[in-house]
Amino acid sequence: EYELIKRCVAGDQIAFQVLYKQYAKRIRGICVRIVGDSDADDLVQETFLNAWRGISRCSFEHEGKFFAWLARIATNRCFNRIRARNGRRETELL
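Here goes a summary of the coordinates provided. (Residues numbered from 1 in each chain as written. Predicted model: local features only at pLDDT ≥ 70, side-chain atom pairs only at ≥ 80, totals over all residues. Heavy atoms only, no water.)

A tally of helices and strands in the chain yields four helices and zero strands. Going from the N terminus to the C terminus, the chain shows its helices and strands as α-α-α-α. Counting all 94 residues of the chain, 34% fall into the buried class. Of the roughly 6,200 Å² that the chain leaves accessible, carbon and sulfur atoms contribute 50%. (Helix = DSSP H or I, 4+ residues; strand = E, 2+ residues; numbered from the N terminus. Buried < 20%, exposed > 50% of the residue type's maximum accessible area, 1.4 Å probe, protein only. Areas by Shrake-Rupley, 256 points an atom, 1.4 Å probe, with all protein chains shown as cover.)

Judged by nonpolar contacts, the single largest core of 27 residues is most densely connected at Ile27, Cys31, Phe48 and Phe66. Of all the elements in the fold, those that place two or more residues in this core are α1 (2-9), α2 (13-35), α3 (37-54) and α4 (65-93). Ranked by residues supplied to this core, first place goes to α2 with nine residues. Apart from residues no more than four positions distant in its own chain, isoleucine 27 is found in contact with Val44, Thr47, Phe48, Phe67, Leu70, Ala71 and Ala74. (Core = buried A, V, L, I, M, F, W, Y, C linked by side-chain atoms within 4.5 Å. Contact = heavy atoms within 4.5 Å.)

Before going further, it helps to examine the environment of glutamine 22. Along the chain, the position of glutamine 22 falls in helix α2. Counting along the chain gives 21 residues from glutamine 22 to glutamate 1, while the straight-line C-alpha distance between them is 9.8 Å. With near-sequence residues (within four places) excluded, glutamine 22 lies in contact with Glu1 and Leu4.

Turning our attention to the pattern of salt bridges. Taken as a whole, this structure holds eight salt bridges when the rule is applied. One salt bridge connects glutamate 46 with arginine 81, and the closest N-O pair in it is separated by 2.6 Å. Taken as a pair, glutamate 46 in helix α3 and arginine 81 in helix α4 lie far apart in primary sequence, 35 residues in all. One salt-bridge network, in which partners are shared between bridges, spans Asp39, Glu46, Arg77, Arg81 and Arg85. (Salt bridge = Lys/Arg side-chain N within 4 Å of Asp/Glu carboxyl O.)

Right, let's get into α3. Spanning 18 residues, α3 covers 26 Å between terminal C-alpha atoms, matching the ideal 26 Å at 1.5 Å per step. For α3, every residue scored as buried is listed here: Asp39, Ala40, Leu43, Val44, Thr47, Phe48, Ala51 and Gly54. (Expected span 1.5 Å × (residues − 1).)

Moving on, we get to α2. Under the 1.5 Å per step criterion, the end-to-end length of α2 is only 28 Å for 23 residues, more than 12% shorter than the ideal 33 Å. At tyrosine 23, α2 shows its largest bend, some 50°. Those residues of α2 not exposed but buried are Ala15, Phe16, Leu19, Tyr23, Ala24, Ile27, Ile30, Cys31 and Val35. The N-cap residue of α2 is aspartate 12: its side-chain oxygen and the backbone nitrogen of isoleucine 14 are 2.9 Å apart. (Bend = angle between axes of the 7 residues up to and from the residue. Polar contact = N/O pair within 3.5 Å; in protein donor to acceptor, adjacent residues only side chain to side chain.)

Given below as structure tokens:
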């Protein structure tokens, strides 16, 4: 995993695709549990896009840190989606 991450930091999109295939199903599971099935696929894509953009700013030398970071991104994206939904509902009621 660490070698794949180093390759991603260097801009290797193929290495990132390998990480995507390795973790997308687990990230989708997190998203489904938080926001439900309808938004999960979009949130998985947003999670991995954010990860691609930020991977060079992080260090993942220890096993499991990358997934923990990815899961945190997914969780934040999910909560942002919930807040956006709730904000729209409140606006619509006014």
